Amino acid sequence: MYAALEKNSSVQFVKGVGEKRAGLFAKLGIFRVGDLLEYYPRAYEDRSQKKKASEYSGGDTACIEAQLVSPVREHFVRRGMTLYKCEFSDGETVIRVTIFNNKYLAARLKLFESYILFGKIEKTLTSASMASPEIEPAQGGDIIRPIYRATGRLNSRAIEKTVKAALDGVGRLRETLPEDITRKYLLAPLNDAVRQIHFPKSAKELEQARRRLIFEELLTLQLGFLKLRSASRERTRLVAKKDYTGEFMRLLAFKPTAAQERAVGECCADMASGVAMNRLLQGDVGSGKTAVAAGVIYTAVKNGMQAALMAPTEILANQHYETMRSLLSGTGICVRLLTGSSPAAEKREIKRSLMDGSTDLVIGTHALIVNDVEFSRLGLVITDEQHRFGVDQRAVLAMKGDKPHTLVMSATPIPRTLALMIYGDLDISVLDELPPGRQTVRTDVVDSRYHQRIYAFIKKQIESGGAAYIVCPLVEEGESDMLSAQSYAEELANGAFRGVNIGVLHGKMKPRQKEQVMSAFQRGDIKILVATTVIEVGVDVPHATVMLVENAERFGLSQLHQLRGRVGRGEQQSYCILVSDSKSETSRLRLQTMKKYSDGFKIADEDLKQRGPGDFFGNRQHGLPQLKIADMLQDMELLRLSRECAADILKDDPRLDKPQNAPLAQKISDMFRDSFTA
């Protein structure tokens, strides 16, 4: 006798599971009964839509109601292989059925009983056959069957059986949404929705269940982000009483874009508000984010604050240091660089100057967050390529001041709707125009037959003072038939580019090795850099004029756009060559999008349409909680409704203290467990 189950009960207590099988469920991320009930089917087999065998073509997946019209005959083939053969009739056609190694199924088939046959059908002019179809009694067999993502020793049918046992064991599920919300948005009760998402009796039931569960998941997400935003709105004593934006803009040797002026203005308004700024600066490659950062730093320092800018690598920190020194020259602002490789004496001197306030702006890497780095009056924290830093690392730097203003910068264009979701705790400034005169990188899509012509073209570019990136997707041999970066570089060095200095860069290298190779390429010592996507972020190499991407169909559009942004940073015309032998029409259209558009935001929109948010971000690096059923692209209308609903709930109950909102508060805590405690 099994005890009544709770959603927090271990899955091992579900009837038929036990300790050993619970280990298999753990591999799917299923530990509790609640996890199992939220392990939604990935697809469904609709066995309620039956047809005659004559209505199917050979190779179709067929669902046929038929009667067993012959005894089951056993054929011993060899040890470990027994076939069972029989015939069924759907009233028109006799269907020859072969069953492999399933003595139990063969034994329970009864002559002249009706069954549902589900599986691939093969046909000739005179006959039909099915090899190992699924066979269920016709009574109760015409169902919509759930299909689950399975693991080696735990198939979909076993998961289905366990879900059924769990639903029988938990009894009626307690409602998690207030009644006024389910009524206003016409949502099915939670108990019905969970049972129907797993075992729908009709397509209409399934649609109602999906709508309810998607709405609740998106509502939880929206509430979580809005609460994060609220939590980040802290009062601060660091107030910029005067806006020096106009003064800074007049110092520049170039005319800033309207988008840059707007972004600096938004940041300065934040710093004047008495509430700590928490803003994302999002802009395409080359849109001038560093100049915006310099403008914000200028106003912060002029108002008596210190600023810190943290970059993910030493080479990027060096690049920012040189740029900031140039942009802020003649202003009296003291700029220092602090990285892991700074000499010990210099580190001590910089740390002393930060404590006594004589350094106004420090630029560095993770070296900025070590314990002995202290500030006199840290008021502005800027992180570049923010997805390369965890929330914790940003927080450690911010804690070195008294509720300082925070600006995070990203060169990954994200569609605005999605950005509002992902960065729900941040205000957003978008640089949506490029500085005048910035040339477009010419983009071509070719197949591997063009390699010799491409190599000849790269040679000419190198002879004219240029340099080239060659990107391949994989690092190690054996992962596929594609050459790794290492072996590809060796092949080029011994062939088309004999005598040319070629460097290699890949993710398995240590940070110091990467920095050395990238610095050599930047100096011009290396003429061709063969690399994986580790070069997609950040480093300026103005003389690099060619970006060659092998197996380009393997990359997302936004990733390709980032790679293309590595060239075209100098005065020479630059080129991006995408090589692909893929015969897929989808791949071809995706790569043509790269040729058609140079605007990163348009490309991001296309990428999102084609791949969805999960693949768009890759490895959840942006901290987006894992969604179990919602799709933010497909479910945009429910996304809009849930955001409206979330705003109404928090307006009425900002802390979610009211009893009717307690279940939602718990769901938020579960979803955002790694981000904050609700």
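Residues numbered from 1 in each chain as written. Predicted model: local features only at pLDDT ≥ 70, side-chain atom pairs only at ≥ 80, totals over all residues. Heavy atoms only, no water.

Some points on the overall build of the protein
Here is step 1: A tally of regular secondary structure across the protein gives 22 helices and 22 strands.
Here is step 2: Within the protein, the fraction of its 678 residues that count as buried is 53%.
Here is step 3: Within the protein, residue pairs in contact and separated by at least 24 positions form 72% of the contacts whose partners lie at least 6 positions apart.
Here is step 4: Accessible surface for the protein amounts to roughly 32300 Å². Of this, 48% is attributable to carbon and sulfur atoms. (Helix = DSSP H or I, 4+ residues; strand = E, 2+ residues; numbered from the N terminus. Buried < 20%, exposed > 50% of the residue type's maximum accessible area, 1.4 Å probe, protein only. Contact = heavy atoms within 4.5 Å. Areas by Shrake-Rupley, 256 points an atom, 1.4 Å probe, with all protein chains shown as cover.)

Here's the deal with helix α21 (residues 636–652)
Here is step 1: Taking 1.5 Å of rise per residue, 17 residues should cover 24 Å, and α21 covers 25 Å from first to last C-alpha, within 8% of that figure.
Here is step 2: Among all positions of α21, only Leu638, Leu639, Leu641, Ser642, Cys645, Ala646, Ile649 and Leu650 are buried. Along the long axis of α21, the arc covered by the buried residues comes to 165°, so they all point the same way. (Expected span 1.5 Å × (residues − 1). Arc of directions from axis to C-beta.)

Thoughts on the environment of Leu167
Here is step 1: When you line up the elements, Leu167 lands in helix α4 (residues 156–170).
Here is step 2: Note on Leu167: relative accessible area 4%, which makes it buried.
Here is step 3: Excluding residues within four positions of it along the chain, Leu167 makes contact with Leu37, Val194, Arg195, His198 and Phe199.

Observations concerning the pattern of salt bridges
A side chain with one charge can pair with a side chain of the opposite charge if their charged atoms come near.
Here is step 1: Per the stated rule, a full pass over the model turns up 34 salt bridges.
Here is step 2: Here Asp372 makes a salt bridge to Lys351, at a shortest N to O gap of 2.9 Å. Pair noted here: Asp372 is in the loop between β13 (361–364) and β14 (378–384) and Lys351 is in helix α12 (residues 344–356), with a separation of 21 residues, a long-range link.
Here is step 3: For Asp372, a relative accessible area of 43% gives the class partly exposed.
Here is step 4: Asp525 is the salt-bridge partner of Arg523, the closest N and O atoms lying 2.9 Å from each other. (Salt bridge = Lys/Arg side-chain N within 4 Å of Asp/Glu carboxyl O.)

Re unusual backbone geometry
The phi torsion of most residues other than glycine is negative, and most of the peptide bonds are trans.
Here is step 1: A positive phi angle, close to 50°, is found at Asn101, a residue other than glycine.
Here is step 2: The residue Leu656 is not glycine, and still its phi comes out positive at about 55°.
Here is step 3: Checked against the element boundaries, Leu656 lands in the loop between α21 and α22 (662–671).

Overview of the confidence of the model for the protein
Reading predicted coordinates in detail is not appropriate for stretches of low pLDDT.
Here is step 1: In this model, the protein carries an average pLDDT of 86, and 89% of its residues clear a pLDDT of 70 or more.
Here is step 2: Here residues 613–623 is modelled with pLDDT under 50, and outside its nearest four sequence neighbours on either side it reaches 24 contacts, counting other chains as well. (pLDDT = per-residue confidence, 0-100.)

Examining the packing of helix α11 (residues 314–327) against helix α17 (residues 511–523)
Here is step 1: As a packed pair, α11 and α17 sit with axes 9 Å apart at the nearest point and diverge in direction by 45°. For the element pair α11 / α17, the angle class is oblique. Contact residues: Glu314, Ile315 and Gln319 in α11; Arg512, Glu515, Met518, Ser519 and Gln522 in α17. (Axes fitted to C-alpha atoms, helices over the stretch in contact; angles between N-to-C directions. Parallel < 35°, antiparallel > 145°, perpendicular 65-115°, else oblique.)

Remarks on the pairing of strand β22 (residues 575–579)
Here is step 1: With 5 of its 5 residues buried, β22 lies for the most part within the structure.
Here is step 2: Because side chains alternate across β22, one face comprises the buried residues Tyr575, Ile577 and Val579, and the other comprises Cys576 and Leu578, equally buried.
Here is step 3: Strand direction decides the pairing type here: strand β17 (residues 442–446) and β22, joined by 5 bridges, are parallel. For Asp444, the partnering residue across the bridge sits in β22 and is Ile577.
Here is step 4: Relative to β22, strand β21 (residues 544–549) runs parallel, the two sharing 4 bridges. From the neighbouring strand, Val549 faces β22, where its bridge partner is Leu578.
Here is step 5: One crossover worth recording links β21 to the parallel β22 by way of helix α18 (residues 557–564), and it is right-handed. (Pairing = 2+ DSSP bridges. Right-handed = clockwise from strand over helix to strand, strands pointing away.)

Digging into helix α10 (residues 289–302)
Helical geometry note: an α-helix holds 3.6 residues per turn, so side chains three or four residues apart project in the same direction.
Here is step 1: When the terminal C-alpha atoms of α10 are compared, their 20 Å separation across 14 residues agrees well with the 20 Å that a helix rising 1.5 Å per residue should span.
Here is step 2: A large share of α10 lies buried, amounting to 12 of its 14 residues.
Here is step 3: Within the span of α10, buried status applies to Lys289, Ala291, Val292, Ala293, Ala294, Gly295, Val296, Ile297, Tyr298, Thr299, Ala300 and Val301.

Brief notes about the side chain of Asp360
Here is step 1: Note that Asp360 resides in the loop between α12 and β13.
Here is step 2: A relative accessible area of 11% means that Asp360 is categorised as buried.
Here is step 3: A polar contact of 2.9 Å, which involves the side chain of Asp360, links it to the backbone nitrogen of Cys334.
Here is step 4: Among the polar contacts listed, one links the side chain of Asp360 to the side chain of Arg377, at a separation of 3.5 Å.
Here is step 5: The contacts of Asp360, once residues within four sequence positions are left out, are Val301, Met305, Gln306, Ala307, Gly332, Ile333, Cys334 and Arg377. (Polar contact = N/O pair within 3.5 Å; in protein donor to acceptor, adjacent residues only side chain to side chain.)

So, the sheet that holds strand β16 (residues 427–431)
Here is step 1: Spatial strand order, β12-β13-β11-β14-β15-β10-β16: 7 strands in an open sheet with parallel pairing. For this open sheet the edge positions go to β12 (335–338) and β16, each flanked by a neighbour on one side alone. With direction set aside, neighbouring strand axes in the sheet form an average angle of 20°.
Here is step 2: Across 4 bridges, strand β11 (residues 306–310) lies against β13 in parallel orientation. Following the sheet pairing, Ala307 is matched in β13 by Leu361.
Here is step 3: Together, β11, β12 and β13 form the strand contacts of α12, whose direction differs from that of β12 by roughly 130°.

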